[in-house]
Amino acid sequence: MTWAKPGSPYVKMYNPEKAFHLDGNEKAHTPVGSWCIHWSSELSEIVWIDDDECFEQRAQALEELQPKAPVLMVRPDYRIGISRRQWKLIDTFVRHSEQFDAVTFDMEPTCRIYDIHHGF
(Lines give C-alpha, C1' and ligand atoms only; values in the text may rest on other atoms or scores of the structure.)
Protein backbone atom coordinates (compact mmCIF):
# COMPACT_ATOMS: atom_id res chain seq x y z
CA MET A 1 0.00 0.00 0.00
CA THR A 2 1.40 3.37 -0.99
CA TRP A 3 -1.32 5.84 0.04
CA ALA A 4 -1.36 5.37 3.84
CA LYS A 5 1.24 6.83 6.15
CA PRO A 6 3.35 4.35 8.16
CA GLY A 7 1.53 3.42 11.36
CA SER A 8 -1.86 4.48 9.99
CA PRO A 9 -4.79 2.34 11.26
CA TYR A 10 -5.89 2.01 7.61
CA VAL A 11 -2.92 -0.24 6.90
CA LYS A 12 -4.48 -2.98 9.04
CA MET A 13 -7.88 -2.65 7.32
CA TYR A 14 -6.57 -2.61 3.75
CA ASN A 15 -6.59 -5.95 1.96
CA PRO A 16 -4.87 -5.82 -1.45
CA GLU A 17 -6.64 -9.04 -2.51
CA LYS A 18 -10.01 -7.26 -2.28
CA ALA A 19 -8.88 -3.97 -3.80
CA PHE A 20 -9.61 -3.00 -7.38
CA HIS A 21 -6.58 -3.25 -9.63
CA LEU A 22 -5.92 0.22 -11.07
CA ASP A 23 -5.21 -0.60 -14.71
CA GLY A 24 -6.25 2.74 -16.23
CA ASN A 25 -3.97 5.75 -16.13
CA GLU A 26 -4.42 9.05 -17.90
CA LYS A 27 -3.46 12.69 -17.46
CA ALA A 28 -6.24 15.30 -17.58
CA HIS A 29 -5.35 18.90 -18.38
CA THR A 30 -7.54 21.66 -16.96
CA PRO A 31 -7.22 25.45 -16.77
CA VAL A 32 -5.98 25.12 -13.17
CA GLY A 33 -3.44 22.35 -13.76
CA SER A 34 -2.93 18.74 -14.74
CA TRP A 35 -4.21 15.72 -12.83
CA CYS A 36 -3.27 12.05 -13.01
CA ILE A 37 -6.39 9.90 -13.00
CA HIS A 38 -6.16 6.22 -12.11
CA TRP A 39 -9.13 3.87 -12.48
CA SER A 40 -10.07 0.24 -12.55
CA SER A 41 -11.79 -1.41 -15.48
CA GLU A 42 -13.18 -3.89 -12.92
CA LEU A 43 -15.52 -1.25 -11.51
CA SER A 44 -19.16 -2.22 -11.72
CA GLU A 45 -20.75 1.00 -10.45
CA ILE A 46 -19.71 4.43 -9.23
CA VAL A 47 -21.18 6.37 -6.30
CA TRP A 48 -20.15 10.05 -6.27
CA ILE A 49 -21.09 11.84 -3.04
CA ASP A 50 -20.40 15.56 -2.91
CA ASP A 51 -22.29 18.48 -1.39
CA ASP A 52 -20.60 20.95 -3.72
CA GLU A 53 -19.84 19.28 -7.06
CA CYS A 54 -22.90 17.06 -7.61
CA PHE A 55 -25.61 19.05 -9.36
CA GLU A 56 -28.03 18.61 -12.27
CA GLN A 57 -25.86 20.24 -14.98
CA ARG A 58 -22.89 18.06 -13.99
CA ALA A 59 -25.08 14.95 -14.17
CA GLN A 60 -26.24 15.92 -17.67
CA ALA A 61 -22.65 16.52 -18.79
CA LEU A 62 -21.61 13.15 -17.37
CA GLU A 63 -24.51 11.42 -19.10
CA GLU A 64 -23.39 12.86 -22.45
CA LEU A 65 -20.03 11.12 -21.92
CA GLN A 66 -21.87 7.76 -21.84
CA PRO A 67 -20.08 6.24 -18.82
CA LYS A 68 -19.22 2.56 -19.06
CA ALA A 69 -20.42 1.94 -15.51
CA PRO A 70 -23.63 3.21 -13.87
CA VAL A 71 -23.11 6.37 -11.83
CA LEU A 72 -25.10 7.53 -8.80
CA MET A 73 -24.47 11.18 -7.97
CA VAL A 74 -25.58 12.07 -4.44
CA ARG A 75 -25.74 15.64 -3.21
CA PRO A 76 -26.36 15.65 0.54
CA ASP A 77 -27.42 18.69 2.51
CA TYR A 78 -24.06 19.87 3.86
CA ARG A 79 -25.74 20.75 7.16
CA ILE A 80 -26.78 17.14 7.92
CA GLY A 81 -24.64 14.97 5.64
CA ILE A 82 -26.05 11.90 3.92
CA SER A 83 -29.68 11.39 4.94
CA ARG A 84 -31.23 8.02 5.77
CA ARG A 85 -33.15 8.24 2.51
CA GLN A 86 -29.91 8.73 0.60
CA TRP A 87 -28.19 5.83 2.44
CA LYS A 88 -31.10 3.62 1.39
CA LEU A 89 -30.73 4.81 -2.21
CA ILE A 90 -26.96 4.16 -2.19
CA ASP A 91 -27.50 0.67 -0.79
CA THR A 92 -30.13 -0.12 -3.43
CA PHE A 93 -27.89 1.23 -6.20
CA VAL A 94 -24.88 -0.85 -5.13
CA ARG A 95 -26.99 -4.00 -4.91
CA HIS A 96 -29.09 -3.43 -8.05
CA SER A 97 -27.31 -0.89 -10.27
CA GLU A 98 -28.77 -2.55 -13.38
CA GLN A 99 -32.16 -1.07 -12.40
CA PHE A 100 -30.84 2.50 -12.64
CA ASP A 101 -30.14 4.81 -15.59
CA ALA A 102 -26.55 5.34 -16.78
CA VAL A 103 -26.40 8.45 -14.56
CA THR A 104 -28.74 9.00 -11.63
CA PHE A 105 -28.70 12.30 -9.76
CA ASP A 106 -30.12 12.70 -6.27
CA MET A 107 -30.23 15.92 -4.27
CA GLU A 108 -31.53 15.98 -0.72
CA PRO A 109 -34.75 18.04 -0.75
CA THR A 110 -33.52 20.20 2.15
CA CYS A 111 -30.34 21.10 0.27
CA ARG A 112 -29.81 24.79 -0.42
CA ILE A 113 -27.77 26.13 -3.33
CA TYR A 114 -25.26 28.78 -2.28
CA ASP A 115 -22.85 30.92 -4.29
CA ILE A 116 -19.94 29.99 -2.04
CA HIS A 117 -18.43 26.73 -0.85
CA HIS A 118 -19.23 25.84 2.76
CA GLY A 119 -16.86 22.86 3.08
CA PHE A 120 -13.89 22.72 5.39
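Conventions adopted
- Residues numbered from 1 in each chain as written.
- Predicted model: local features only at pLDDT ≥ 70, side-chain atom pairs only at ≥ 80, totals over all residues.
- Heavy atoms only, no water.
- Helix = DSSP H or I, 4+ residues; strand = E, 2+ residues; numbered from the N terminus.
- Buried < 20%, exposed > 50% of the residue type's maximum accessible area, 1.4 Å probe, protein only.
- Patch = residues over 30% accessible without salt bridge, like charges linked within 9 Å, V, L, I, M, F, W, Y side chains within 5 Å.
- Areas by Shrake-Rupley, 256 points an atom, 1.4 Å probe, with all protein chains shown as cover.
- Salt bridge = Lys/Arg side-chain N within 4 Å of Asp/Glu carboxyl O.
- Contact = heavy atoms within 4.5 Å.
- Polar contact = N/O pair within 3.5 Å; in protein donor to acceptor, adjacent residues only side chain to side chain.
- Pairing = 2+ DSSP bridges.
- Axes fitted to C-alpha atoms, helices over the stretch in contact; angles between N-to-C directions.

J.: What am I meant to see in unusual backbone geometry here?
T.: Backbone geometry follows two general trends: most residues other than glycine have a negative phi, and most peptide bonds adopt the trans configuration. A positive phi angle, near 50°, is found at Gln-66, a position not held by glycine. Looking at where Gln-66 falls in the secondary structure, it is placed in the loop between helix H2 (56-64) and strand S4 (71-75). A residue is classified by how much of its surface remains accessible, and Gln-66, at 64% relative accessible area, is exposed.

J.: It is not clear to me how a nonpolar patch on the surface should be interpreted in this structure. Could you clarify?
T.: A contiguous nonpolar surface patch, about 450 Å² in accessible area, is contributed by Val-32, Trp-35, Ile-37 and Trp-39. In this structure, Trp-35 sits in strand S2 (residues 33-39).

J.: Would you take a moment to explain the pattern of salt bridges for this structure?
T.: When the charged atoms of two side chains with opposite charge come close together, those side chains can pair. If you walk through the whole model with that rule in mind, you get 5 salt bridges. A salt bridge links Arg-79 to Asp-77; its shortest N-O distance comes to 2.7 Å. On the accessibility criterion, Arg-79 (45% relative accessible area) is partly exposed. What makes Asp-77 buried here is its relative accessible area of 2%. A salt bridge links Asp-106 to Arg-85; the shortest N-O distance between them is 2.8 Å.

J.: Would you take a moment to explain the environment of Asp-77 for this structure?
T.: As for its position among the elements, Asp-77 is in the loop between S4 and helix H3 (84-95). When neighbours within four sequence positions are excluded, Asp-77 is seen to be in contact with Glu-108, Thr-110 and Cys-111. Engagement of the side chain of Asp-77 in a polar contact is seen with the side chain of Arg-79, the distance being 2.7 Å.

J.: I keep staring at the sheet that holds strand S5 (residues 103-107) and nothing clicks. Help me out?
T.: The strands that make up a sheet pair up through hydrogen bonds in the backbone, lying either parallel or antiparallel. Spatially, 3 strands are ordered S3-S4-S5 in an open sheet, and the strand pairing comes out parallel. Two strands lie at the open edges of the sheet, namely strand S3 (46-49) and S5, each paired on one side alone. Across the sheet, the mean angle from the axis of one strand to that of its neighbour is 15°, orientation sign disregarded. As paired elements, S4 and S5 share 5 bridges and run parallel to each other. From the neighbouring strand, Arg-75 faces S5, where its bridge partner is Met-107. Here H2 sits on the sheet and contacts S3, S4 and S5; the angle it forms with S5, its principal contact strand, is near 175°. With respect to the sheet, H3 is in contact with S3, S4 and S5, its orientation differing from that of S4 by roughly 170°.

Any link to function would need more than the numbers given here.
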